[in-house]
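# Summary of structural features
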Amino acid sequence: MPKTITITGAAGQIGYQLAFRIASGQLLGIETTVNLKLLEITPALEALKGVAMELEDCAFKALGKVTITDDPSIAFGDSDFAFLVGAKPRGPGMERSDLLIENAQIFSVQGKAINNNANKNIKVLVVGNPANTNALITSANAPDINPKSFSAMMRLDHNRAIAQLAKKTNTHSSQIKKVTIWGNHSTTQYPDITNALIGSEKAKSIVDQAWIENDFIPRVQKRGSEIIQARGLSSAASAASAAIDHMSDWELGSSADDWISMAIPSDGSYGISDGIIFSYPITCKDGEYNIVQELDLDQFSQESIKASEQELLEEREAIKHLL
Ligand code: NAD
Ligand code: LMR
């Protein structure tokens, strides 16, 4: 059965990576035909035409039809999976929250278009920053779609945390499991390795608390800025890769002996306010996700998580007219 996949901002940096990876079968496997619906703003339609031409030139076996449009109602028509990437990125010296007001309107329009045109079982991943609150706006504007269908991307932070821990311990990232990113995709996020394993050993018995607090946590929290400083542009290939990881685990299931980090509507787990789009440790099975429950949180963890919750509550307050 072919699947319809929407990518917004498809002529941008991340979109240019994502479209080709999905069309090559990296999201749902080579056996599943994907029809791509690519959305851009009108001035970028010419560039988007070029993207469509290149997709055609790849002769991908898994690629069905490609639609390019500047009309959200067409882009989200019958959509099964939507990657909401189209939004302004931050530049040097900015925080992601500085984009809140500028990008918010995009997600209110797209939420309505999803509500009126998409498959009711759609899975939505918001990548455009500030991703968590943009996901909240999108969901609030799509009242006929289950709020559980809306998520925001923390997988890049999750992958960054794994990579930093692997580097520090001179191991391979494939040996690292049970890392969690809690909270917001911002510098208040809490990268947590309390339960992390390196092979069968507890990570905390290998690295010391000083490294965790003074190096690891700030490094992961600020990795986006570090990339912007180095590239002059925000992360793109790693973001597209994380977007594929997120959506494919959600649809096809996550590893049985591990968990991932996804920002999803809080159900009050771990004392977090209901409804904000908060990152938790998550397992996925049969196309559904579940929050990993009953992890012990020490005082440092609790305080870190509360700080990120507080920031998300403030972001929600700033855009409440769009909810
Ligand atoms: P980009 O500027 O290269 O591309 C964005 C594209 O979106 C542009 O082509 C633009 O024309 C398009 N666009 C703007 N408004 C649109 C609209 N209303 N509808 C459709 N398309 C629209 O930016 P990028 O580097 O691809 O980054 C995109 C977003 O993703 C930024 O907000 C960035 O901060 C964010 N990002 C998030 C993460 C994450 O982990 N959540 C990681 C990296 C980047
Ligand atoms: C990232 O984490 O790389 C993205 O959110 C881009 C940014 O602004 O940091």
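### Structural notes on the pairing of strand S5 (residues 123–126)
Residues Lys123 and Leu125 line one face of S5 and the alternating positions Val124 and Val126 line the opposite face, and both faces are buried. Once you follow strand S4 (residues 81–84) into helix H4 (residues 100–117) and on to S5, the crossover reads as right-handed. In this sheet, strand S6 (residues 150–152) lies alongside S5 in parallel orientation, the contact comprising three bridges. Across the sheet, the residue bridging to leucine 125 is serine 151, located in S6. Since S5 and S6 lie parallel, the crossover through helix H5 (residues 131–140) that links them has a hand, and here it is right-handed.

### Overview of the site of ligand 2
Around ligand 2 lies a shell formed by Arg90, Arg96, Asn129, Leu156, Arg160, His185, Gly224, Ile228, Ser234 and Ser235. Contacts to ligand 2 include asparagine 129, whose side-chain N or O atom sits 2.8 Å from an oxygen atom. Within the side chain of arginine 160, an N or O atom sits 2.7 Å from an oxygen atom of ligand 2. Relative to its free-state accessible area of 260 Å², ligand 2 is covered by the protein chains to the extent of 94%. Counting residues per element, the ones that place at least two in the shell around ligand 2 are helix H6 (155–168) and helix H8 (223–231). A breakdown of the residues in the shell around ligand 2 according to their chemical character gives two nonpolar, five polar and three charged.

### Here's the deal with the side chain of threonine 67
Along the chain, the position of threonine 67 falls in strand S3 (residues 63–69). Relative accessible area serves as the criterion here: at 18%, threonine 67 is assigned to the buried category. Setting aside anything within four residues of it in sequence, one finds threonine 67 in contact with Leu36, Lys37, Leu38 and Ile74.

### Considerations on the pairing of strand S12 (residues 260–265)
Counted residue by residue, S12 has six buried out of six residues, so it is predominantly covered. Sheet analysis places S12 next to strand S13 (residues 277–285), joined by six bridges and oriented antiparallel. Across the sheet, residue methionine 262 finds its bridge partner in S13, namely tyrosine 280.

### Focus: the site of ligand 1
Around ligand 1, the surrounding shell holds 25 residues, and the nearest of these are Gln13, Glu40, Lys88, Val127 and Asn129. Here glutamate 40 contributes a side-chain N or O atom positioned 2.6 Å from an oxygen atom of ligand 1. Valine 127 is positioned with one of its backbone polar atoms (N or O) 3.2 Å from a nitrogen atom of ligand 1. When isolated, ligand 1 has an accessible area of 860 Å², and the protein chains bury 86% of it. Among the elements of the structure, helix H1 (13–23) and H4 are those that each provide at least two residues to the shell around ligand 1.

Here is what the cut-offs are and how they apply
Residues numbered from 1 in each chain as written. Chains lettered and ligands numbered in written order. Predicted model: local features only at pLDDT ≥ 70, side-chain atom pairs only at ≥ 80, totals over all residues. Heavy atoms only, no water. Buried < 20%, exposed > 50% of the residue type's maximum accessible area, 1.4 Å probe, protein only. Helix = DSSP H or I, 4+ residues; strand = E, 2+ residues; numbered from the N terminus. Right-handed = clockwise from strand over helix to strand, strands pointing away. Pairing = 2+ DSSP bridges. Near = heavy atom within 4 Å. Polar contact = N/O pair within 3.5 Å; in protein donor to acceptor, adjacent residues only side chain to side chain. Areas by Shrake-Rupley, 256 points an atom, 1.4 Å probe, with all protein chains shown as cover. Nonpolar A, V, L, I, M, F, W, Y, C, P; charged D, E, K, R; others polar. Contact = heavy atoms within 4.5 Å.

It is worth stressing that arrangement in space is one thing and function is another; only the former is reported here.
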